[in-house]
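# An overview of the molecular structure
What follows is each chain in one-letter form.
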Amino acid sequence: AASVPFSQPMPIPPVLRPARSTLDTDFYELRMRYADVEIVPGVRSRVRTYGGVLPGPTVRAHRGRKVVVRQHNDLDLDAAVHLHGGHVAPEHDGHPMDVIAPGANREYHYDNDQRAASLWYHDHAHHSESENVYNGLHGSYLISDPLEAALGLPGGQYDVPLQIRDARVEADGKLTYTRAEQRPHMLVNGKERPYFRVEARRYRLRLFNVSIDRPMLLRLSDGAEFTQIATDGGLLAEPVRLSEILMSAGERAEVVIDFGRYRAGSSVALRNAMALPGENQDFLRFDVVPAAGRDTSAVPPKLAELEPLPPATAERSFVLDMNKEQGTFLINGLLYDPHRVDVRTELGATEVWSVTNPNGHGEHPNFLGTHNFHTHLTHFRVLDRNGAPPAPYEQGWKDTVEIGPGETVRIAMSWGPHPGRYVYHCHRLPHSANAQMGTIEIVG
Ligand code: C2O
């Protein structure tokens with residue numbers, strides 16, 4: 001569907017209200033259901049939702065305060081809800097084989113015993129996760145903590161999640177699940193190419209790449225610099241100035257943009273410099289209006305303490321490959337088998353994982369040659385990329401990392417805080433749906 005660009009306002013997803021609260025826990029109810037939403041003005045699109053909205057409502061959690069979400073599956077297909085980036089007990093992790101049948105419901109328990117960070121929740125039912133997320137099952141889950149709150153970063157209405165993704169929206173509104181080069185539409189918070197009215201002041205924007213497999217290279221249309229303050233797992237040690245940011249599917253980055261340097265009445269767009277030929281690069285237009293009051297927010301030169309990892313006791317290698325004839329995706333030559341444990345380690349063990357992507361762009365011009373890598377349960381640090389130190393913006397806690405064509409990326413992590421079986425996988429969801437996934441068992 002063609003729409004007039006920047007003709008609709010960018011919505012901010014509603015914050016979910018607890019159904020009840022006790023001294024230490026907030027209880028939520030969410031229903032997964034079909035809904036008709038307007039992605040492109042004037043046409044209705046049938047999508048799969050959490051709570052009837054696209055994206056799902058935002059959960060705001062606080063470190064040390066528990067959250068329980070009862071998920072009701074009112075869809076006609078299996079679902080599993082995974083809290084991406086959550087340090088969650090295995091029975092609440094939304095394991096690909098641990099699904100909620102249609103008509104059933106279950107509770108997911110989240111301890112939120114981790115640093116402030118921008119997490120997201122999404123479907124993980126094996127083989128269906130890619131189509132389910134594509135069709136709308138994704139939402140933000142934001143954890144705050146006192147250390148972060150004390151920094152004075154832009155807050156309240158100036159702290160905004162942007163769930164960014166691509167889609168193919170047909171003229172009649174139908175959302176078609178197809179390959180990346182057939183998905184020209186860019187959505188922010190469920191709207192195709194919206195505008196966002198911003199005051200001439202600083203904003204904290206939480207960027208989520210919730211595309212099923214599309215990497216994006218984000219820039220401002222005037223090439224101006226902005227400040228990155230956080231990665232997947234929370235705040236960086238120090239803010240990083242940059243003018244572009246590469247995000248592969250599943251990754252998050254938090255940035256502070258100071259719109260105070262733009263004249264009221266002017267506009268600047270957020271663009272994907274990796275848009276394919278024929279696609280629009282600019283997908284979100286910021287329209288600057290006068291600030292309502294004095295901007296008292298700050299980006300302090302020191303953001304957080306990144307505690308060092310203990311020395312590693314094991315090194316492992318993983319090769320992400322594909323079988324072109326069969327259309328399957330492999331890790332170390334194997335397809336995912338839920339009954340097989342690929343890696344066994346001990347609770348608290350620190351390991352170095354070396355992850356290689358032997359597939360090249362030349363061979364597979366349509367993104368297929370590239371992979372990324374995501375671990376459940378814990379966050380990792382990027383040690384090096386092809387032997388070179390990671391870019392400053394990759395030097396925080398991560399749970400998903402781009403592994404470009406021909407690259408080897410070494411990451412280090414400590415396995416905990418829970419024992420049990422968890423998956424790791426390529427977060428190009430068509431790849432994980434086609435078995436590019438493995439199991440780690442953490443023995444307590
Ligand atoms: Cu965001 Cu195993 O997933």
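Please read these numbers as outputs of a predicted model, since none were measured by experiment. Note that residues are indexed from 1 along each chain, following the sequence as it is written. Restriction of local features to residues with pLDDT of at least 70 applies here, the model being predicted, together with a cutoff of 80 or more for giving and counting side-chain atom pairs; totals for whole chains, interfaces and linings are based on all residues. To get the side-chain values, all heavy atoms of the structure are used, and hydrogens and water are removed first.

### A closer look at the sheet that holds strand β20 (residues 267-272)
Inclusion rule: A pair of strands is labelled paired if DSSP reports no fewer than 2 bridges between them. Numbering goes from the N terminus for both helices and strands, where a helix is a DSSP run of H or I of at least four residues and a strand is a run of E of at least two. For helices, the fitted axis covers only the stretch in contact; all axes are lines through C-alpha atoms, and the angles between them, taken along N-to-C directions, range from 0 to 180 degrees.
The strand order across the open sheet built from five strands is β13-β21-β20-β15-β18, with neighbouring strands paired in mixed fashion. Edge positions in the open sheet fall to β13 (195-199) and β18 (245-247), since each of these has one partner strand only. Going from strand to strand, the sheet's axes swing by 25 degrees on average, the running direction of each strand aside. Two strands pair when backbone bridges link them, and strand β15 (residues 216-220) and β20 are joined in this way by three bridges, in the antiparallel orientation. Counterpart to Leu220 in the pairing with β20 is Leu270.

### What about unusual backbone geometry?
Leaving glycine aside, a negative phi is the common case for residues, and trans is the common case for peptide bonds. The cut-off we apply is this: For every residue, the accessible area (1.4 Å probe, protein chains only) is compared with the maximum for its type, and the residue is labelled buried under 20%, exposed over 50%, or partly exposed between those bounds.
Here the residue pair Leu54 and Pro55 is connected by a cis peptide bond, since its omega of -10 degrees sits within 30 degrees of zero. With respect to the secondary-structure elements, Pro55 resides in the loop between β3 (45-50) and β4 (56-62). Cis geometry is adopted by the peptide bond preceding Pro417, which originates at Gly416 and carries an omega value of 5 degrees. In this structure, His127 takes a positive phi of about 80 degrees despite not being glycine. Tracing the chain through its elements places His127 in the loop between β8 (117-123) and α1 (129-134). Assessed through its relative accessible area of 53%, His127 is described here as exposed. A positive phi angle, close to 35 degrees, is found at Arg193, a residue other than glycine. With respect to the element layout, Arg193 can be found in the loop between β12 (191-192) and β13.

### Concerning the side chain of Asn359
Stated formally: Whenever two N or O atoms come within 3.5 Å, that pair is a polar contact, provided that in protein one can donate a hydrogen and the other can accept it, and provided that, for residues adjacent in sequence, both atoms are side-chain atoms.
With respect to the element layout, Asn359 can be found in the loop between β25 (350-356) and β26 (371-375). Overall, the relative accessible area of 5% leaves Asn359 in the buried class. Polar side-chain contacts of Asn359 include one of 2.7 Å to the side chain of His371.

### Things to note about the sheet that holds β25
The strand order across the open sheet built from five strands is β23-β22-β25-β29-β27, with neighbouring strands paired in mixed fashion. In the strand order of this sheet, the two ends are held by β23 (328-331) and β27 (380-385), each with one partner. Averaged over all adjacent pairs, the angle separating strand axes in this sheet is 20 degrees, with direction ignored. Of the pairings in the sheet, the one linking strand β22 (residues 314-323) to β25 comprises six bridges and is parallel in character.

### What about the environment of Thr356?
As a reminder, the rule being used: Residue contacts are counted whenever heavy atoms from the two residues lie within 4.5 Å of one another.
Structurally, Thr356 can be placed in strand β25. Separated by 38 residues in sequence, Thr356 and Phe318 have C-alpha atoms that sit 6.2 Å apart. Contact partners of Thr356, with chain neighbours within four places excluded, come to Phe318, Val319, Leu320, Ile403, Glu407 and Thr408. A distance of 2.8 Å separates the side chain of Thr356 from the side chain of Thr408, its partner in a polar contact.

### A closer look at the pattern of salt bridges
Test applied: By convention in these notes, a salt bridge is any Lys or Arg side-chain nitrogen within 4 Å of a carboxyl oxygen on Asp or Glu.
If you walk through the whole model with that rule in mind, you get 39 salt bridges. With a closest N to O distance of 3.6 Å, Asp159 and Arg60 form a salt bridge. Of this pair, Asp159 sits in strand β10 (residues 159-167) while Arg60 sits in strand β4; the two residues are 99 residues apart in sequence, bridging distant segments of the chain. For Asp159, a relative accessible area of 8% translates into the label buried. A salt bridge links Arg271 to Asp282, with the shortest nitrogen-to-oxygen separation between them at 2.7 Å.

### Topic: the pairing of β15
Residues in a regular strand project their side chains so that they alternate between the two faces of the sheet. When you tally the buried positions in β15, you get four out of five residues, the bulk of the element. Pairing of β15 with β18, which is carried by three bridges, proceeds in the antiparallel orientation. For Leu217, the partnering residue across the bridge sits in β18 and is Leu246.

### Re the domain arrangement of the protein chain
Using the following cut-off: Domain start and stop positions are those given by an automatic or database domain assignment.
Under the domain assignment, the protein chain is made up of domain 1 (20-145), domain 2 (156-289) and domain 3 (314-443). With 23 residues of domain 2 at the interface, the matching set in domain 3 holds 19 residues. Here domain 2 is connected to domain 3 by three salt bridges. Taken together, domain 2 and domain 3 are joined by 12 residue pairs in polar contact (both at pLDDT 80 or more).

### Section: the nonpolar core
For clarity, the cut-off: Within this scheme, the nonpolar core is defined by two criteria: the residues are buried Ala, Val, Leu, Ile, Met, Phe, Trp, Tyr or Cys, and they are joined through side-chain atoms within 4.5 Å.
Formed by 33 residues in total, the largest nonpolar core has its most connected members in Leu162, Phe196, Leu205, Leu220, Phe259, Leu284 and Phe286. At four residues, the largest contribution of residues to this core is made by strand β21 (residues 282-289). Setting aside residues up to four positions removed in sequence, Leu205 forms contacts with Val160, Leu162, Phe196, Ala253, Glu254, Val255, Ile257 and Phe286. Core analysis: the second largest hydrophobic core is formed by 23 residues, Tyr28, Val59, Ala79 and Tyr141 among them.

### So, the packing of aromatic side chains
Two numbers describe a pair of aromatic rings. These are the distance of the centres and the angle of the planes. Worth spelling out the cut-off: Paired rings are identified among Phe, Tyr and Trp, the last through its six-membered ring, by centres lying within 6.5 Å, and are further divided according to the angle between planes into stacked (under 30 degrees), edge-to-face (over 60) and tilted (the rest). Any Lys NZ or Arg CZ found within 6 Å of a ring centre and within 35 degrees of that ring's normal is scored as a charge over the ring.
Taken as a whole, this structure holds 17 aromatic pairs when the rule is applied. Taking 5.5 Å as the distance between ring centres and 75 degrees as the angle between the ring planes, the aromatic pair formed by Tyr134 and Tyr177 counts as edge-to-face. In this pair, Tyr134 sits in helix α1 while Tyr177 sits in the loop between β10 and β11 (185-188), placing the two residues 43 residues apart along the sequence. Judged by centre distance (5.3 Å) and plane angle (75 degrees), the rings of Phe318 and Tyr424 are edge-to-face. In this pair, Phe318 is assigned in strand β22 and Tyr424 in strand β30 (residues 420-425), connecting sequence segments 106 residues apart. Just as Phe318 is buried, Tyr424 falls in that class too. Among the aromatic residues, ring-to-ring pairing joins Tyr158, Phe196, Tyr203, Phe259, Tyr262 and Phe286 into one connected group. One residue, Arg20, lies across the ring of Phe27, its end atom 3.8 Å from the ring centre. The cationic tip of Arg106 hangs over the ring face of Tyr108; the distance from NZ or CZ to the ring centre is 5.1 Å.

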